[in-house]
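# Structural description and commentary
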Amino acid sequence: MDAALRETLKQMPKAELHMHIEGSLEPELIFALAERNQVKLNYASVEELRRAYAFTDLQSFLDIYYAGASVLLKEQDFYDMTWAYLQHAREDNVKHAEIFFDPQTHTDRGVPFGTAINGIHRALKDARAEWGMSSAIIMCFLRHLSEEAALETLEQSMPYRDKIIGVGLDSSERGHPPEKFARVFARCKELGLRLVAHAGEEGPPEYIRTALDLLKVERIDHGVRCLEDPALTQRLARDKVPLTVCPLSNIKLRVFDKVGDHNLVKLLDAGLTVTVNSDDPAYFGGYVNENFVQMFDALPLDKNHAYRLARNSFAASFLDAQAKQKFLDEVDAFFEQ
Ligand SMILES: [Zn+2]
């Protein structure tokens with residue numbers, strides 16, 4: 001890739017729509033928080049923890065991810081974690097971020113729901129005040145737990161309804177199909193929450209279909225396996241259902257063996273509304289710009305693709321029409337230069 005394209009990728013205004021805030025905890029911060037909160041880690045050093053990031057699949061990652069999150073106890077911890085992510089996002093010219101958080105990862109350890117969301121929300125508010133960063137919070141249900149637990153979490157979130165734009169579904173996909181959460185998603189829809197779900201990452205294309213039909217989601221997180229089902233691919237293209245693709249995550253979790261094997265170009269060629277995101281940047285080798293750079297380095301992607309991906313990121317967001325248009329105009333102006 002030439003230097004000009006690399007600069008374009010880095011400088012272009014973009015939105016990030018698939019990023020788990022707990023997945024932005026860098027080993028250094030995990031150790032700092034462990035010390036501050038006197039939490040004992042099963043790793044002797046930052047280096048040893050980083051070495052453990054050699055994942056073989058989604059589950060091997062989740063085991064370490066939950067261990068990392070165990071250092072988050074106080075509101076300030078959630079603030080510090082979120083603030084660290086926001087600094088990276090700012091450097092990457094992320095103008096709008098829709099951030100996932102996993103309340104059950106915290107409430108199941110005895111950390112109150114409010115402690116987590118208030119810390120995250122306060123950091124987002126400060127970033128908005130300091131450099132005009134736009135953001136929203138999406139609460140995810142852990143799909144390896146029961147639907148009853150998700151309903152209970154939804155109940156706990158009610159006092160914070162004004163801080164949450166939508167709900168999602170994450171954690172271990174295989175063996176936990178979308179239909180397991182049909183009731184809780186129906187309830188969320190009634191409440192006016194926006195709906196997304198992870199589907200078709202490790203799970204089959206059928207999970208994408210049931211997420212759309214039974215959960216009524218508006219975006220599919222990952223969704224890269226849709227290409228195995230041509231009728232489904234056509235439907236996603238026709239209905240402009242956005243896919244929040246996370247390339248480096250897919251490589252780290254062995255959905256694809258190497259960067260050059262990723263199906264990003266095929267997804268774009270199929271006419272899908274693809275976006276590029278970092279998923280769990282501290283664990284998967286980079287923030288959103290690194291995802292762009294590595295994909296464009298390895299695949300036949302050019303400036304037109306960059307333009308399309310930047311536009312898609314805002315078009316697929318849950319911003320209101322006016323804010324969306326403002327950012328789309330910014331993207332157009334940037335590429336006209
Ligand atoms: Zn994810």
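In this convention, every chain numbers its residues from 1, walking through the sequence in written order. Residues qualify for local features only when their pLDDT is at least 70, as the model is predicted, and side-chain atom pairs are given and counted only at 80 or more; totals for whole chains, interfaces and linings, by contrast, use all residues.

Formally: UniProt positions are given in the numbering used here, feature names are shortened, and annotations may be inferred rather than shown by experiment.
As named in an unreviewed UniProt entry, the chain is Adenine deaminase, taken from Noviherbaspirillum denitrificans. Of the comments in the UniProt record for the chain, the one headed Catalytic activity (unreviewed entry) reads "adenine + H2O + H(+) = hypoxanthine + NH4(+)". Under the heading Function (unreviewed entry), UniProt records this for the chain: "Catalyzes the hydrolytic deamination of adenine to hypoxanthine. Plays an important role in the purine salvage pathway and in nitrogen catabolism."

### Notes on the overall build of the chain
The criterion, for reference: The helix and strand labels rest on DSSP assignments: H or I over at least four residues marks a helix, E over at least two residues marks a strand, and numbering proceeds from the N terminus. Restricting the calculation to C-alpha atoms gives the radius of gyration, and the globule rule supplies 2.2 Å times the number of residues raised to the power 0.38. Exposed residues have 12 or fewer other C-beta atoms within 10 Å of their own C-beta, buried residues have 20 or more, and residues in between are partly exposed; the C-beta atoms are placed from the backbone. The contact criterion used is a C-beta to C-beta distance within 7 Å, with each C-beta placed from the backbone.
Across its full length, the chain holds 17 helices and eight strands. Expected size for 337 residues packed as a compact globule is a radius of gyration near 20 Å; at 19 Å, the chain falls within 12% of this value. Along the first, second and third principal axes, the C-alpha atoms of the chain reach 50 × 40 × 40 Å. Across the 337 residues that make up the chain, the buried fraction comes to 48%. Long-range pairs, those at least 24 residues apart, make up 76% of the contacts in the chain between residues at least 6 apart in sequence.

### Re the pairing of strand β4 (residues 166-170)
Every regular strand shows the same layout, with side chains that alternate between the two sheet faces. Which entries qualify depends on this criterion: Orient the strands so they point away from the viewer, and a crossover whose first-strand-to-second-strand path over the helix runs clockwise is right-handed. For two strands to pair, DSSP has to find at least two bridges joining them.
For β4, the buried fraction is high: five of the five residues fall into the buried class. Across the two faces of β4 the burial is the same, with Gly166, Gly168 and Asp170 and Val167 and Leu169 all buried. With respect to chirality, the unit in which strand β3 (residues 134-142) leads through helix α8 (residues 147-157) into the neighbouring parallel β4 is right-handed. Pairing of β4 with strand β5 (residues 194-199) involves two bridges; the strand directions are parallel. Its bridge partner being in β5, Val167 is matched across the sheet by Leu195. Crossover connection from β4 via helix α9 (residues 182-190) to parallel β5: handedness right-handed.

### Some remarks on unusual backbone geometry
In this model, Lys216 sits at a positive phi of 65°, which is unusual for a non-glycine residue. In this model, Asp279 sits at a positive phi of 65°, which is unusual for a non-glycine residue. With respect to the element layout, Asp279 can be found in the loop between β8 (274-276) and α14 (281-284).

### Re the UniProt feature "binding site: substrate" (unreviewed entry) in the chain
Look at the UniProt record and you will see "binding site: substrate" (unreviewed entry) annotated at Asp280. Relative to the helices and strands, Asp280 resides in the loop between β8 and α14. In this structure Asp280 touches His20, Gly23, Tyr65 and Ser249, once residues within four positions along its chain are discounted.

### Observations concerning the packing of α8 against α9
The condition that has to hold: Axis definition: a line fit to C-alpha positions, over the contact stretch in the case of helices; interaxial angles, taken between N-to-C directions, run 0 to 180 degrees. Geometric relationships in this document are graded by angle, where less than 35 degrees denotes roughly parallel, more than 145 denotes roughly antiparallel, 65 to 115 denotes roughly perpendicular, and other angles denote oblique.
With their axes 8 Å apart at the nearest point, α8 and α9 run at an angle of 20° to one another. Between α8 and α9, the interaxial angle falls into the category roughly parallel. Taking contact as the criterion, the partners of Glu147, Ala150, Leu151 and Leu154 in α8 are, on α9, Arg183, Val184, Arg187 and Cys188.

### Describing the UniProt feature "site: Important for catalytic activity" (unreviewed entry) in the chain
Per the UniProt record, "site: Important for catalytic activity" (unreviewed entry) is annotated on His222. Summarising the element assignment, His222 is placed in strand β6 (residues 219-222). Apart from residues lying up to four places away in sequence, His222 is in contact with His198, Ala199, Gly200, Glu201, Thr244, Val245 and Cys246.

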